[in-house]
Every structure is written in structure tokens, then in C-alpha cells.
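# Descriptive analysis of the structure
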Amino acid sequence: MCEPQSAADARGGSGPRRLKPAQLLFEPPEAVAEAEHFFDLESIEDPRELLARSTELALAFRAAADRAMEYQAVAAAQLADPRRFDRLPTAVIAARAEWSEDYTKKMVEFGRDLLRSGRAVD
């Protein structure tokens, strides 16, 4: 039985055979700009289901925002820690976080409270 030879072998060459790209039998669809979707809420028609789902999302976002704020406070407290050789003044922390200096001082204290209580990192 005769084994098939590659085109390179049939020509007598020893290099790898280069293939031509296959022709497309169809045109790919054009990229269509989709309308913005927000967790598919726009597709929910039942107002009861829409209220339940949107409330669930609002509560989840609120919890995430609260958790993120705790991390901000911990980071601010760590950056303002006088024991650090690279500590930052509250004015610099305020500028980086886009806070007022008074709010920064409160966040530093809140972060210190979280660190002291052990609630800072779960």
C-alpha cells in the first residue's frame, strides 16, 4: 500500500508544507452594536420580578460599596500609620482618594478601629 506524501515531499523539498487559507463559504456577520444591557433588567417584563431582581441588585451593590469603603479605610489607616517609614500625611491621602482632609481623618480613624477589632480582613 502506498503512503500519501505531503506536497513538500512530492516536490522533493524537505521543508514544511505551507497551506493556503481556506476560502470562506459565507460572509461573517458584521459586528452590530448592541444596546447597553444592565444585568438583563430591561428584558424583564413582569413588574413583580423586575422589582425583586432590581432590589436584589441594589442590596448587593450597597453591600459591595460598604465593603469597599472598609478597605479604603484600612488602606488609609495603613498609609497614615506613624510607625511606617513611608507614611503619608492626610493631605496626600485625601488628594489620592479625592476626599476632603476632614473625611480622610475620619476614614483613618475608622480604619484603625477596624484593624484593632480584627474586622479589617476576612
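Look above for the structure.
Here the structure is a predicted model, which means the values were calculated and not measured.

### Focus on the packing of aromatic side chains
A full pass over the atoms with the stated rule returns four aromatic pairs. Look at Phe38 and Phe61: their rings are 6.3 Å apart centre to centre, the planes differ by 45°, and that puts the pair in the tilted class. Taken together, the positions of Phe38 in the loop between helix 1 (7-11) and helix 2 (47-80) and Phe61 in helix 2 put the pair 23 residues apart, joining distant regions of the chain. Ring-pair connections join several aromatic residues into one group, and the members of that group are Phe38, Phe39 and Phe61.

### Some words on the pattern of salt bridges
Overall, the coordinates contain seven salt bridges when judged by the stated rule. Of the charged contacts in the structure, one is a salt bridge between Arg67 and Glu70, with a shortest N-O distance of 2.7 Å. You can see Arg67 and its partner Glu70 sitting in helix 2, three residues apart, about one turn around the helix. In this structure, the salt-bridge partner of Arg83 is Asp81, at a minimum N-O distance of 2.8 Å. Taking the relative accessible area as the measure of exposure, Arg83 reaches 75% and is therefore exposed. Note on Asp81: relative accessible area 16%, which makes it buried.

### Remarks on the packing of helix 2 against helix 4 (residues 101-117)
Direction vectors running N to C along helix 2 and helix 4 enclose 95°, while the axes themselves pass 7 Å from each other. With respect to helix 4, the axis of helix 2 lies roughly perpendicular. Between helix 2 and helix 4, the residues in contact are Met69, Glu70, Gln72, Ala73, Val74, Ala76, Ala77, Gln78 and Ala80 and Tyr103, Met107, Val108, Phe110, Gly111, Arg112, Leu114 and Leu115, respectively.

Basis of the calculations
- Residues numbered from 1 in each chain as written.
- Predicted model: local features only at pLDDT ≥ 70, side-chain atom pairs only at ≥ 80, totals over all residues.
- Heavy atoms only, no water.
- Phe/Tyr/Trp six-rings, centres within 6.5 Å; stacked < 30°, edge-to-face > 60°.
- Helix = DSSP H or I, 4+ residues; strand = E, 2+ residues; numbered from the N terminus.
- Salt bridge = Lys/Arg side-chain N within 4 Å of Asp/Glu carboxyl O.
- Buried < 20%, exposed > 50% of the residue type's maximum accessible area, 1.4 Å probe, protein only.
- Axes fitted to C-alpha atoms, helices over the stretch in contact; angles between N-to-C directions.
- Parallel < 35°, antiparallel > 145°, perpendicular 65-115°, else oblique.
- Contact = heavy atoms within 4.5 Å.

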